[in-house]
Amino acid sequence: METQHAPPATNNVAGRAVRIAVDSARGGSAGGILAYLVPRQWVTRVDSGQLVWVPIRKKLALGIVIEFLDEENSSELYSTRPIHALVEPAFRLDAEALDLGEWIARETVTTRFSALAPFLPPGVSHRAVEYLRLVVELSQDTLQAATPAQRRLLDLLAKRGEISLEAAQEQLGSSLKTVIARLEERGLVERVARVTHHRPAPGLERFIRLVPNRPDSLSLETAPKQRAVVSYLEQRGRLAAHGAVALLPLRDVIQLTGSDHATIGALIRKGLIEEVRRAKPLSVAPAPVGAPALTANQARAWSAVEDALQRRDPTPLLLHGVTGSGKTEIYLRAVAWCLRHGRGAIVLVPEIGLASQVVRRFQERFPGEVAVLHSALPDAERYGTWLRLQSGELSVVVGPRSALFAPVNDIGLIVLDEEHETTYKQESEPRYHARRLAEQLAARSGAVLVLGSATPSVETYHRSEEGSARRLVLADRVGATAVAAGTSPGAPSLDLPPVEVVDMRLELHRGNTAHLSERLHELLERTLARQEQAILFLNRRGLATIVLCRACGQRLICPHCDIPLVYHQDRQRLLCHRCNWRQTPPDACRACGGVLNYFGAGTQRIEQEVRRLFPGARVLRWDQDAVRRQGGHAGLLQQVERHEVDILVGTQMIAKGLDLPRVTAVGVIHADSLLHLPDFRSGERTFQLLTQVAGRAGRRAPGSSVVVQSYTPEHYAVRAAAKHDYAAFYAEEIDFRRVHRFPPFARLIRCIYRHQDETTCAAESEEMARRLARHARAVGMGGEIDLLGPTPAFASRVRGRYQWQIILRANDLDPLLDDLPVPPGWAVDVDPQQLL
């Protein structure tokens, strides 16, 4: 709904007073809840949880009715401004959502509206259009008592019925502010904010083909990309039926020939190819896939999950299974149990773009019964899915952390796959963690909560040690024969792939300055000879991570973030990976005119080196740049699954949950990229990432290998990952956390302030530290908290704004959360997942 100037307050509207959680209202002790009047004609139509539009300051904002005030208190508020409009279709949050929203607001130190907003239907906040409509039948006396301007509006409404405010203003040539206000006072007209969700137009798929009578005189010798496209189309044409012209999907042609849209456009203009657009075929529900027999370990785990489902026990179940141990099959059986018993299920995945295989398995097992919800979908599609869940037509939803707010009826199961992933923490308001919120939701709905991971977070594993969570162990991989449906439980398991750690310091002493060690080079040669696939992992994008002047040593720095710019060769640009600032590389140093050198390695550099070393190999880069350029994760995954790729080079996108049967070799280029960051979770992140990426190898057959290149091979996180030994890692990590009072032995609050002026940033941070100290003393915790800071954040400047932070540490945060002082400009993160 477009922002408009709010009407003035009026004392002539009789009704009842309500408290409303208002969008854009500041927090403070009231939590962003303000008092408004409900006009008499709406009293019977408004209830707790109702969506409304209300005036705040000089604009309109969306609000959620929290409660009606008592009659004796209402009389004191009759000078309060009235509600501006109702939202239709009428939507109300139920009591459970209001209660859970109150918990979220307190736990994340945010306003009540921010805490409740994720429960709202998709698109409601920006697709509402204000309409006007008559409330009563018009009589001649009514029209005679109206002013000329009022009569024109009444006549328009009588002829047109309900009409948008914008259309009425345009047709009558007036803002109508006072006209509408007077007619509302007389009870003749009312406003309504109607949410519109247009059905998406049928998608069109783009195809290309050679022009039958194309000109022969055009030469493409100087255009190798164009020549590659024409040659590919000619080759496919020879394979087509006699006389037919191959019509191929544009996206596939671009991917397989390494061309781009500009190349295609040039060929179309030359008259060599033509484009055809056809409606995408409607998706057909796949045939149901049968459930495989369980291994002995899976059967024991499933028995425990089934028992919890029958007892409606919300105690968290940690499903600790090595990579490839069949955790997803346990999820599928639990969902099937819920469907048989008329209950719903929520399955969370870390990132929907990387979870296509998981989504596919659920859709194959339960065709037509699974909803997929994520923010990349169009609003209309999300809204339609949301309505089908609310009506009970669908009972299973798969999605990222926001799927927790889906209106699933009678929730019986909540699954967090890869529960250790940082993406389960929301980094904007409300800053909730999906795991903690899922525990609350499970406890309130009597649902079973399953937390699955090969590398559980230290906090979750510690809880299983203490007994507040129950650990179920899948210690063995499921062999290839055990994956097939109907296999006996006694099928042999697979060993985890052996991991060899290469000390890159010794490689340098031997004169090897390449990015690939001798052992990794040998592994890739053997893998290619066997016609198998390999993964090379490097958690850095771009070609060169540092660009500096050979003469004066000056580095090229982002002007807004004070960090080195990274050179991306495919775009011919220098990029800041923090704020996305970009610029063309200069020809020389701007300080002294010296020659610029490009140092460091990202995925583009490794891709180049691999293509040079193995010219016959089919190499695919999978990072954020490639995903954006090639149309998403699904297309890249299909190329790997169809064995159109020999070596896959990528960032942590390829380390998470992919099941690639032909991958038998994994190489980690630089295992220390996260290890030495000033964050207490750096060791944990390194262990998890190395273990997860190593787990991509050997998921269907023995004989796989992993090579990890490191400059600090003696670190316990690297040593434990090389042995797939979570227990050894946990023993070292938990001692470190205990000594330094980090979670799970304490809880943290991170307060961040950003400002363009560093002096102002420092002064405001000092004042905030004093406020927090006073607050701690006021709640009786003055001697029980550690106040760390204020100090500049590790990322001291982002997008031209300096960052300072204060860390609060205490064994129990609950007393501190009530009325925590949060002045404007401050961001508060309770239980932060990183301190950088």
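Heads up: the structure comes first, above all this text.
Remember, it's a predicted structure, so these values are computed and weren't measured experimentally.

What should I look at first to understand the sheet that holds strand S22 (residues 533–537) in this one?
Backbone-to-backbone hydrogen bonds join strands into a sheet, with any given pair of strands oriented parallel or antiparallel. Read across the open sheet, the six strands follow the order S21-S31-S30-S22-S29-S28; overall the sheet is parallel. A strand with exactly one partner marks an edge of an open sheet, and here the two such strands are strand S21 (499–503) and strand S28 (619–622). Direction aside, neighbouring strands of the sheet carry axes that sit 20° apart on average. The sheet contact formed by S22 and strand S29 (residues 647–650) spans four bridges and is parallel. For phenylalanine 537, the partnering residue across the bridge sits in S29 and is glycine 650. Along the sheet, helix H19 (residues 518–529) contacts S21, S22, S29, strand S30 (663–668) and strand S31 (705–710); its crossing angle with S31, the most-contacted strand, is approximately 155°.

Before we go on, may I ask you to explain the sheet that holds strand S24 (residues 566–568) in this structure?
Pairing in this open sheet of three strands is antiparallel, and the strands run S24-S25-S26 from one edge to the other. Strands at the two margins of the open sheet, each flanked by one partner only, are S24 and strand S26 (582–583). Judged from the two bridges that link them, strand S25 (residues 573–575) and S26 form a sheet pairing that is antiparallel. For leucine 575, the partnering residue across the bridge sits in S26 and is arginine 582.

Would you explain the environment of glycine 258 in this entry?
Tracing the chain through its elements places glycine 258 in the loop between helix H9 (250–257) and helix H10 (261–269). Relative accessible area serves as the criterion here: at 48%, glycine 258 is assigned to the partly exposed category. C-alpha separation for the pair glycine 258 and valine 229, spaced 29 residues apart in sequence, amounts to 8.7 Å.

Help me understand the nonpolar core, please; the structure alone is not making it clear to me.
As a rule of thumb, nonpolar side chains are buried together in soluble globular proteins. Ranked by internal contacts, the top residues of the largest apolar core, which has 93 residues, are Leu93, Leu120, Val397, Leu404, Ile414, Leu416 and Trp622. Ignoring sequence-local partners within four residues, the contact set of tryptophan 622 consists of Val627, His633, Leu636, Leu637, Val640, Leu648, Val649, Gly650, Thr651, Met653, Ile654 and Leu658. Core analysis: the second largest hydrophobic core is formed by 36 residues, Leu309, Val335, Ala336 and Val359 among them.

Even after reading the chapter, I still don't get the packing of helix H2 (residues 95–108) against helix H15 (residues 434–445), so can you show me in this structure?
Packed helix pairs are characterised by how far apart their axes lie and by the angle those axes make with each other. Packing of H2 against H15 leaves a shortest axis separation of 11 Å and a crossing angle of 150°. Between H2 and H15, the angle is such that the two are roughly antiparallel. Taken as a pair, H2 and H15 cross one another with a handedness that is right-handed. For the pair formed by H2 and H15, the contact residues are Asp99, Leu100, Trp103, Ile104 and Glu107 on the first element and Arg436, Leu437, Gln440, Leu441 and Arg444 on the second. Grouping the amino acids of the contact of H2 with H15 by side-chain chemistry returns five nonpolar, one polar and four charged.

Looking at this model, I keep getting lost on the side chain of arginine 681. Mind explaining?
Relative to the elements of secondary structure, arginine 681 occurs in the loop between S30 and helix H23 (682–694). Assessed through its relative accessible area of 3%, arginine 681 is described here as buried. With residues up to four places along the chain from it excluded, the contact list for arginine 681 reads Glu459, Arg737, Pro743, Pro832, Gln833 and Gln834.

So what exactly am I meant to see when it comes to the pattern of salt bridges here?
It is possible for side chains bearing opposite charge to pair when their charged atoms get close. Scanning the model with the defined rule gives 49 salt bridges in all. Where aspartate 503 meets arginine 505, a salt bridge forms, and the shortest distance between an N and an O atom there is 3.0 Å. Its relative accessible area of 18% is what places aspartate 503 among the buried residues. Arginine 771 is the partner of glutamate 764 in a salt bridge, and the nearest nitrogen-oxygen pair spans 3.6 Å. Judged by relative accessible area, arginine 771 falls into the partly exposed class, the value being 23%. Among the charged side chains, a salt-bridge network with shared partners connects Arg106, Glu107, Arg436, Arg747, Asp814, Asp818 and Asp831.

Sorry if this is basic, but what is going on with the pairing of strand S15 (residues 396–399) here?
Two faces make up the sheet, and in a regular strand the side chains alternate between them. Side chains Val396 and Val398 of S15 all project onto a buried face; the interleaved residues Val397 and Gly399 project onto the opposite face, where all are buried too. Taken together, the four bridges between strand S13 (residues 344–348) and S15 define a ladder with parallel strand orientation. The residue of S15 that forms the bridge with alanine 345 is valine 396. Relative to S15, strand S14 (residues 370–372) is paired through three bridges, and the arrangement is parallel. Its bridge partner lying in S15, valine 370 is registered against valine 396. In this region the chain leaves S14, passes through helix H14 (residues 379–390) and returns to the parallel neighbour S15; the handedness of that crossover is right-handed.

What's the story with the packing of aromatic side chains in this structure? I'm lost.
Two measures describe an aromatic ring pair: the distance that separates the ring centres and the angle between the ring planes. Under the defined criterion, the tally for this structure stands at 14 aromatic pairs. Between phenylalanine 119 and phenylalanine 405 the ring centres are 4.9 Å apart and the planes differ by 85°, which places this aromatic pair in the edge-to-face class. Pair noted here: phenylalanine 119 is in the loop between helix H3 (112–116) and strand S6 (128–134) and phenylalanine 405 is in the loop between S15 and strand S16 (411–417), with a separation of 286 residues, a long-range link. Here the aromatic rings of phenylalanine 687 and phenylalanine 729 are separated by 4.4 Å at their centres, their planes lie at 0°, and the arrangement is stacked. In this pair, phenylalanine 687 sits in helix H23 while phenylalanine 729 sits in helix H25 (residues 726–740), placing the two residues 42 residues apart along the sequence. Take phenylalanine 687 and phenylalanine 729: they sit in the same class, and that class is buried. An aromatic cluster is present here, built from Tyr461, Phe687, Tyr716, Tyr726, Phe729 and Tyr730 joined pairwise through their rings. Just above the ring of phenylalanine 742 sits the side chain of arginine 809; from NZ or CZ to the centre is 5.7 Å.

Just checking my understanding: could you explain the pairing of strand S3 (residues 51–56) for this structure?
Most of S3 is tucked away, with six of its six residues classed as buried. Two strands pair when backbone bridges link them, and S3 and strand S4 (residues 59–68) are joined in this way by six bridges, in the antiparallel orientation. Opposite leucine 51, over in S4, you have isoleucine 64 as the bridge partner. In this structure, the hairpin formed by S3 and S4 is closed by a connection of two residues, where arginine 57 is found at a positive phi of approximately 55°. For S3 and strand S5 (residues 85–88), the ladder comprises two bridges, and the chain directions are antiparallel. By the bridge assignment, valine 52 is partnered in S5 with leucine 86.

How do you make sense of unusual backbone geometry when you look at a structure like this?
Trans peptide bonds make up most of the peptide bonds, and negative phi angles are found at most residues other than glycine. Omega for the bond connecting glutamate 429 with proline 430 falls within 30 degrees of zero, at -5°, which places this linkage in the cis form. As for its position among the elements, proline 430 is in the loop between S16 and H15. The omega torsion of the bond from proline 743 to proline 744 falls at 15°, within 30 degrees of zero and hence cis. By secondary structure assignment, the location of proline 744 is in the loop between H25 and strand S32 (747–755). If you check the backbone angles, glutamate 418 has positive phi at about 55° while not being a glycine. Relative to the helices and strands, glutamate 418 is located in the loop between S16 and H15. The residue aspartate 831 is not glycine, and still its phi comes out positive at about 55°. When its relative accessible area of 22% is taken as the criterion, aspartate 831 is described as partly exposed.

Basis of the calculations
- Residues numbered from 1 in each chain as written.
- Predicted model: local features only at pLDDT ≥ 70, side-chain atom pairs only at ≥ 80, totals over all residues.
- Heavy atoms only, no water.
- Pairing = 2+ DSSP bridges.
- Helix = DSSP H or I, 4+ residues; strand = E, 2+ residues; numbered from the N terminus.
- Axes fitted to C-alpha atoms, helices over the stretch in contact; angles between N-to-C directions.
- Contact = heavy atoms within 4.5 Å.
- Buried < 20%, exposed > 50% of the residue type's maximum accessible area, 1.4 Å probe, protein only.
- Core = buried A, V, L, I, M, F, W, Y, C linked by side-chain atoms within 4.5 Å.
- Parallel < 35°, antiparallel > 145°, perpendicular 65-115°, else oblique.
- Left-handed = near helix turned anticlockwise from the far one by under 90°.
- Nonpolar A, V, L, I, M, F, W, Y, C, P; charged D, E, K, R; others polar.
- Salt bridge = Lys/Arg side-chain N within 4 Å of Asp/Glu carboxyl O.
- Right-handed = clockwise from strand over helix to strand, strands pointing away.
- Phe/Tyr/Trp six-rings, centres within 6.5 Å; stacked < 30°, edge-to-face > 60°.
- Lys NZ or Arg CZ within 6 Å of the ring centre and 35° of its normal.

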